[in-house]
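# Breakdown of the fold
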Amino acid sequence: MTEARPWWQTGVIYQVYPRSFQDSDGDGVGDLEGVRQRLDYLVWLGVDALWLSPFYPSPMADFGYDVADYCGVDPLFGDLDAFDRLVADAHARGLRLILDWVPNHSSDRHPWFEESRRSRDSPKRDWYVWRDLGPDGALPNNWLSAFGGPAWTLDEATGQVYLHSFLKEQPDLNWRSPALREAMLDTLRFWMARGVDGFRIDVAHHVLKDPALRDNPPNPAPSGGHKPASLYDAQLHVHDKDHPDAHALYREVRTVVDGFDDRERVTLGEIHLPNALDRWAAYYGGPDLDEIHMPLNFGLLDVEWSADGLRRHVEAVEAAVPEGAWPNYVLGNHDERRLATRLGPERARLAALLLLTLRGTPTLYYGDELGVPDVAVPADRIRDPMGLRSGIPALGRDSGRTPMAWDASPSAGFSTAPPDTLWLPLHAEAERLNVSVQRDDPESLLSLYRSLLALRRRRPALYAGRYTALGETPASVFAFERQSGTDRVVVVLNLGDAPMPFTSDRRILSTHPVPSRNGGLRPWEGLVVEGAP
Ligand code: NOJ
């Protein structure tokens, strides 16, 4: 008996960064019509849903994460008609569409903020977080912007400072204002009425802060995790994010989303709390699971790629996810360095196999299925404010946001514009690492992804089954079983540089299409075999 589960548990999500997927009008920037034209690729690949990073009207200070209208489409990306065509065509192909919802901050050019900053008496003054300076001109507290500098900026005209957890062009919304709250929940209703299947909630745990605005304490062990540490990491962010009041808000969001109509929708929360899995898991909503359907799990970005490191991470996630809730795993996104560069081509194959065989919804980042590497963007083409303003160029995120490579033509089939006019440069190996070359090569990474996606779709053990770690393996081997009813598969991963003896006449799929001569596992080989009946 297969366990019946909602689509967002059994399916696979594919993240599209709209600026870089397909340019339909030759301006060097991707757009919604371009995404629509490429839907057949996503069906061919075998994913179930696409998550679109923001396409709303925006001055693009943070490439769309500075929203100037929550209910529109920036002309760069098309218009609402183009959006409606995209939803209709996605649904006609059985694909779901997830939007990025940015509730922590708007753009400083949003009419709400323009009204709010007009005067201290503005009816929308409390839609944002405004404070007086101290008598000596001191800021209200020591909070920092994640992009560098203080989290407060002075508005000369009204003499008060406003809070911005990110750029000064991204003022934080005040979710303690009932009117703001209702206006933002209406933006969810607007898109649900247009047929969307869910929302990825940007920095979901930032939305509410300590109402007393207490200082953050220093961090005794500053670390940027897998990224270079910045001044931001010198504080423990106990008062400017992950406030307990966020939970009531997400219960409300959940009621709005689940109660809208009969469509089964999902909410995904971008919640980075790497050293506090319990607080991360709390966003599922405790035993009632009444908050975010899936807080996104970024653990595989920080993990040590050893058998022990991976096993420990997966076990920790399995233990943290509440009873009845569903895990998920992320290997890359528009804020990270590219998977193929982080891990190298061989380990990237193993990572694909792991991601698509674990218990939990996988999220794929466009281009990772081709092994697209990080791009060393020349200084005069750097666009990301994170690299430009943090003072740490290595924090820049352009390198992982470059145009998708579809074929070996000069602009890789991404655009008719010449390559040197694309909004970001193509990756250097676009002639080889592109869809048209890899789709005909059974040994390519793309073919491996496609086979894994097809296998996951076929086997209830993989898309719905339980997870059990298998013990008594050599130190470099991580092995686990997935099982649903009578369907069982075993996954064996060699995370070492030496070959490993292994025999099975029940192989289903390997990262290396041709078995090694003695049948054992090659270094960094991953294998799926039939489980014992
Ligand atoms: C998280 C998004 O993923 C990132 O791209 C953005 O810069 C920040 N939130 C601010 O919105």
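For clarity, every value in this text was computed on a predicted model and none was experimentally measured. (Residues numbered from 1 in each chain as written. Predicted model: local features only at pLDDT ≥ 70, side-chain atom pairs only at ≥ 80, totals over all residues. Heavy atoms only, no water.)

Attention now moves to the pairing of strand E11 (residues 361-365). Judged by how many residues are buried, E11 sits mostly within the fold: five of five residues are covered. Here three bridges tie strand E1 (residues 13-16) to E11, and the two strands are oriented parallel to one another. Bridge pairing in E11 links Gln15 to Tyr365. Summarising the sheet, strand E10 (residues 328-330) and E11 pair through three bridges and their orientation is parallel. (Buried < 20%, exposed > 50% of the residue type's maximum accessible area, 1.4 Å probe, protein only. Helix = DSSP H or I, 4+ residues; strand = E, 2+ residues; numbered from the N terminus. Pairing = 2+ DSSP bridges.)

Glancing now at the confidence of the model for the protein chain. Scored by pLDDT, the protein chain has a mean of 96; 99% of the residues are at 70 or more. Put simply, helix H13 (residues 385-389) is where the protein chain has its lowest mean pLDDT, 81, and helix H2 (residues 32-37) is where it has its highest, 99. (pLDDT = per-residue confidence, 0-100.)

A word on the environment of Arg214. Mapped onto the elements, Arg214 comes out in the loop between strand E7 (198-201) and helix H7 (246-258). Separated by 72 residues in the primary sequence, Arg214 and Asn142 place their C-alpha atoms 8.3 Å from one another. Setting aside its immediate chain neighbours within four residues, Arg214 contacts Asn141, Trp143 and His239. (Contact = heavy atoms within 4.5 Å.)

In the vicinity of the ligand, 14 residues are found, and the nearest of them are Asp62, His105, Asp202, His334 and Asp335. In the model, an oxygen atom of the ligand is placed 2.5 Å from a nitrogen or oxygen of the Asp62 side chain. In the environment of the ligand, an oxygen atom lies 2.9 Å from a nitrogen or oxygen atom belonging to the side chain of His105. Summarising the interface, the protein chains cover 97% of the accessible area of the ligand, which totals 290 Å² for the free molecule. The residue inventory of the shell around the ligand, partitioned by class, reads four nonpolar, three polar and seven charged. (Near = heavy atom within 4 Å. Polar contact = N/O pair within 3.5 Å; in protein donor to acceptor, adjacent residues only side chain to side chain. Areas by Shrake-Rupley, 256 points an atom, 1.4 Å probe, with all protein chains shown as cover. Nonpolar A, V, L, I, M, F, W, Y, C, P; charged D, E, K, R; others polar.)

What follows concerns the UniProt feature "domain: Glycosyl hydrolase family 13 catalytic" (unreviewed entry) in the protein chain. As annotated in UniProt, the feature "domain: Glycosyl hydrolase family 13 catalytic" (unreviewed entry) corresponds to residues 15-401 in the numbering used here. Secondary structure content for residues 15-401 is 27% helix and 10% strand, and the end C-alpha separation is 11 Å. (UniProt positions renumbered as here; feature names shortened; annotations may be inferred.)

What the eight strands build is an open sheet, ordered E9-E8-E7-E3-E2-E1-E11-E10; its pairing is parallel. The open sheet has two free edges, formed respectively by strand E9 (294-295) and E10, since each of these has just one partner strand. When E1 meets strand E2 (residues 49-52), the two strands line up parallel, connected through four bridges. Considered in E2, the bridge of Val16 is made with Leu52.

Here we take up the pattern of salt bridges. One pass over the full model with this rule turns up 40 salt bridges. A salt bridge links Asp155 to Arg117; the shortest N-O distance between them is 3.1 Å. With Asp155 in strand E5 (residues 152-155) and Arg117 in the loop between helix H5 (111-116) and strand E4 (130-131), the pair connects residues that are 38 residues apart, well separated along the chain. Given the relative accessible area of 26%, Arg117 is considered partly exposed. (Salt bridge = Lys/Arg side-chain N within 4 Å of Asp/Glu carboxyl O.)

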